[in-house]
Amino acid sequence: MKYHIRSHFRFSNKQRSGIFLLLATIVVLQLTIYVVSNTAEDFEKDNEKLKAFRSEIDSLKTLALQDKAPEIYPFNPNFITDYKGYTLGMTNEEIDRLLEFRKKDQWINSTRQFQQVTKVSDSLLAKISPLFKFPDWVTNPKPKKQYRSYSNDKSKTFEQKKDLNTATAEELKTVNGLGDKLSQRIVKYRKRLGGFSSEEQLNEVYGLSGEVINNIKKDFALKTPKKIVKVDLNVATSEELVKIPHIDYEIAHNIIEQRTLREGYKSLDELTKVKEFPVDKFEIIKLYLKLQQID
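Note that residues are indexed from 1 along each chain, following the sequence as it is written. The model is predicted, so local features are restricted to residues of pLDDT at least 70 and side-chain atom pairs to those at 80 or more, both for listing and for counting; the totals for chains, interfaces and linings are taken over all residues. Calculated side-chain values reflect all of the structure's heavy atoms, with hydrogen atoms and water omitted.

Colleague: Lay out the pattern of salt bridges with the relevant residues and their values.
Modeller: One speaks of a salt bridge when a side-chain nitrogen belonging to Lys or Arg is within 4 Å of a carboxyl oxygen belonging to Asp or Glu. Summed over the entire model, instances satisfying the criterion amount to eight salt bridges. In this structure, the salt-bridge partner of Glu-170 is Lys-173, at a minimum N-O distance of 3.7 Å. Type-normalised accessible area, obtained with a 1.4 Å probe on protein chains alone, sets the label of each residue: buried when under 20%, exposed when over 50%, and partly exposed for intermediate values. Overall, Lys-173 belongs to the partly exposed group, its relative accessible area being 28%. Between Asp-180 and Lys-173 there is a salt bridge; the shortest N-O distance is 2.7 Å. Judged by relative accessible area, which is 44%, Asp-180 ranks as partly exposed. Overlapping salt bridges bring together Glu-170, Lys-173 and Asp-180 as one network.

Here it is in structure tokens:
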């Protein structure tokens, strides 16, 4: 008996095509897996590089912003504005407390006082206080000059004082508060008057303060006053009145008008009620007046 053995490796055209397609599919899948695997690794590597690059850019941006940030120079905390306080990190309440304090014309002269007024925190104070700059007269106060008084500590008697009407400019300079100009101005004004008639006339010298005048009176007295021919207020004419210092024709007219209405003045003090009368010069004006009482 004769057997025919059929080979298992003989394929039809369709089978061969299927096998070839299968092999091609397997190769494509292997290549795809290989490419994807390598691509993922490359992506991870690129992602790490990207993160490092972004971090470097962020650092550069931060440095650039720091360079562009406005530099804060030392400042006087008394002049902090709303905007300045905001940039320093102060709250609105803290800024308002400072502004209210300054409205009272008061000044902050120390870091401690700044905190007492504004009530800022210790941390903020430690941050901004190194920028505080107070005036030199606050941080480095100079000792007050000790002015030597040429007047004796003990009060002088009338006999011990020098005559104000004969004193020279050099003698007047010994008074505390008088210099060359003021002492010469006193002598010049005295000469124009022909001599002082009252110590009150020192108030007419420009530049003399009440304190300096008191200092003059400690060392000088009017021992030879110039005699003034006084005018009777109740009979004086306009021409006589205008010769008195600080009285012009308009004031003289008002004085006479009031005199008529009052049927004569009863006292010199009534002049202060006259329209436009220079009340602040009354003590000088009354040196030139007298008053004859009317029955």
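Colleague: Give me the nonpolar core: which residues, what numbers.
Modeller: To qualify as a nonpolar core, a set must consist of buried Ala, Val, Leu, Ile, Met, Phe, Trp, Tyr and Cys residues joined through side-chain atoms within 4.5 Å. In terms of nonpolar packing, the biggest core is built from 21 residues, with Leu-241, Ile-247, Ile-255, Leu-271, Phe-277 and Leu-289 touching the most fellow members. Elements are defined by DSSP. Helices are runs of H or I of four residues or more, strands are runs of E of two residues or more, and each kind is numbered from the N terminus. At the level of secondary structure, the elements contributing two or more residues to this core comprise helix H11 (249-262) and helix H12 (282-285). In this description, contact between two residues means that some pair of their heavy atoms is separated by no more than 4.5 Å. Look past the residues within four positions of Phe-277 in its chain and what remains in contact with it is Ile-251, Ile-255, Leu-271, Thr-272, Phe-282 and Ile-285. Of all hydrophobic cores here, the second largest spans 18 residues; its members include Ala-167, Ile-186, Phe-196 and Val-212.

Colleague: Can you explain a positive patch on the surface? Please cite residues and give values.
Modeller: Surface patches are drawn from residues lacking salt bridges whose relative accessible area is over 30%; two like charges belong together within 9 Å, two nonpolar side chains (Val, Leu, Ile, Met, Phe, Trp, Tyr) within 5 Å. Accessible surface area values rest on a Shrake-Rupley calculation with a 1.4 Å probe, where residue burial reflects the displayed protein chains alone. In this tally Asp and Glu are treated as negative and Lys and Arg as positive; neither His nor the chain ends contributes. A single reference atom marks each charge: NZ on Lys, CZ on Arg, CG on Asp, CD on Glu. On the surface, a cluster of positive charge is contributed by Lys-181, Arg-185, Lys-188 and Arg-192. The topology assignment puts Lys-181 in helix H8 (residues 180-193).

Colleague: Kindly report on a nonpolar patch on the surface, identifying the contributing residues and their values.
Modeller: Where nonpolar side chains cluster on the molecular surface, the patch consists of Ile-19, Leu-22, Leu-23 and Ile-26 and spans about 360 Å² of accessible area. Tracing the backbone shows Leu-23 in helix H1 (residues 13-68).

Colleague: Outline the side chain of Glu-204, supporting the account with residue identities and numerical values.
Modeller: Mapped onto the elements of the fold, Glu-204 is located in the loop between H8 and helix H9 (210-219). Overall, Glu-204 belongs to the buried group, its relative accessible area being 18%. Here a polar contact is taken to be a pair of N or O atoms separated by no more than 3.5 Å, where protein atoms must pair a possible hydrogen donor with a possible acceptor and residues adjacent in sequence count only if both atoms sit in side chains. At 2.4 Å, the side chain of Glu-204 forms a polar contact with the side chain of His-246. Discounting chain neighbours no more than four positions away, the residues touching Glu-204 are Tyr-189, His-246, Lys-281 and Ile-284.

Colleague: Hey, could you go over H8 for me, with residue numbers and the actual values?
Modeller: An expected span of 1.5 Å times one less than the residue number is assigned to each helix. With 14 residues, H8 should reach 20 Å at 1.5 Å per residue; the first-to-last C-alpha distance of 20 Å fits that figure. Buried within H8 we find Leu-182, Ser-183, Ile-186, Tyr-189, Arg-190 and Leu-193. Within H8, the buried residues cover an arc of 130° as seen down the axis, which keeps them to one side. The exposed set on the far side of H8, more than 90 degrees from its buried face, consists of Lys-181, Lys-188, Lys-191 and Arg-192. Those residues of H8 hidden inside the fold are in contact with helix H7 (169-172) and H9. Downstream of H8 by one or two residues, Gly-194 has phi in the positive range, about 85°. Our arc is simply the arc of the directions from the helix axis toward the C-beta atoms.

Colleague: Requested: an account of the side chain of Lys-161, with residues and values cited.
Modeller: Residue position: Lys-161 is located in the loop between helix H6 (136-139) and strand S1 (162-163). Within the buried core, Lys-161 has no salt-bridge partner, and the shortest N-O distance to an opposite charge, that of Glu-199, equals 6.3 Å. Reaching out from Lys-161, the side chain makes a polar contact with the backbone oxygen of Lys-217 at a distance of 2.8 Å. With residues up to four places along the chain from it excluded, the contact list for Lys-161 reads Lys-156, Lys-217, Lys-218, Asp-219, Phe-220, Ala-221 and Lys-223.

Colleague: Would you mind going over helix H4 (residues 111-118) in detail, with residue names and values included?
Modeller: Within H4, burial applies to Phe-114, Val-117 and Thr-118. Looking straight down H4, one finds its buried side chains confined to an arc of 80°; they lie on one side. Phi turns positive, to about 65°, at Lys-119, one or two residues after H4.

Colleague: Go over the packing of helix H3 (residues 92-103) against H4, please, and point to the residues and values.
Modeller: A packed helix pair is summarised by two numbers, namely the angle formed by the two axes and the spacing between the axes. Put simply, H3 and H4 touch, their axes get as near as 8 Å, and they point 110° apart. The pairing of H3 with H4 is recorded here as roughly perpendicular in orientation. Facing H3, whose interface residues are Glu-94, Arg-97, Leu-98 and Phe-101, H4 presents Gln-113, Phe-114, Val-117 and Thr-118. When residue character is reported, Ala, Val, Leu, Ile, Met, Phe, Trp, Tyr, Cys and Pro are called nonpolar, Asp, Glu, Lys and Arg charged, and the others, Gly included, polar. Looking at the contact of H3 with H4, its residues break down into four nonpolar, two polar and two charged. Only the contacting stretch of a helix is used when fitting its axis, a line to C-alpha atoms as for every element, and angles between N-to-C directions run 0 to 180 degrees. Between 65 and 115 degrees an angle is taken as roughly perpendicular, under 35 as roughly parallel, over 145 as roughly antiparallel, and anywhere else as oblique.

Colleague: Which residues make up unusual backbone geometry, and what are the values?
Modeller: In this structure, His-246 takes a positive phi of about 75° despite not being glycine. With respect to the helices and strands, the residue His-246 is situated in the loop between helix H10 (238-241) and H11. Positive phi values are uncommon outside glycine, yet Glu-276 reaches one of about 65°. Structurally, Glu-276 can be placed in the loop between H11 and H12.

Colleague: Residues and numbers for the packing of aromatic side chains, please.
Modeller: Stacked, tilted and edge-to-face are the three classes applied to pairs of Phe, Tyr and Trp rings, where Trp contributes its six-membered ring and a pair requires centres within 6.5 Å; stacked means planes under 30 degrees apart, edge-to-face means over 60, and tilted covers the rest. Counting across every chain of the model gives five aromatic pairs. Here the aromatic rings of Phe-75 and Phe-132 are separated by 5.7 Å at their centres, their planes lie at 75°, and the arrangement is edge-to-face. Of this pair, Phe-75 sits in the loop between H1 and helix H2 (82-88) while Phe-132 is found in the loop between helix H5 (122-128) and H6, placing the two residues 57 residues apart along the sequence. Like Phe-132, Phe-75 is buried. Following the ring pairs from residue to residue traces out a cluster consisting of Phe-75, Phe-114 and Phe-132. If you follow Lys-84 out to its NZ or CZ, it ends over the ring of Phe-75, 4.5 Å from the centre. Put simply, a charge is over a ring when the Lys NZ or the Arg CZ is close to the ring centre, within 6 Å, and near the line of the ring normal, within 35 degrees. Its end group placed over the ring of Phe-158, Lys-223 keeps NZ or CZ at 5.5 Å from the ring centre.

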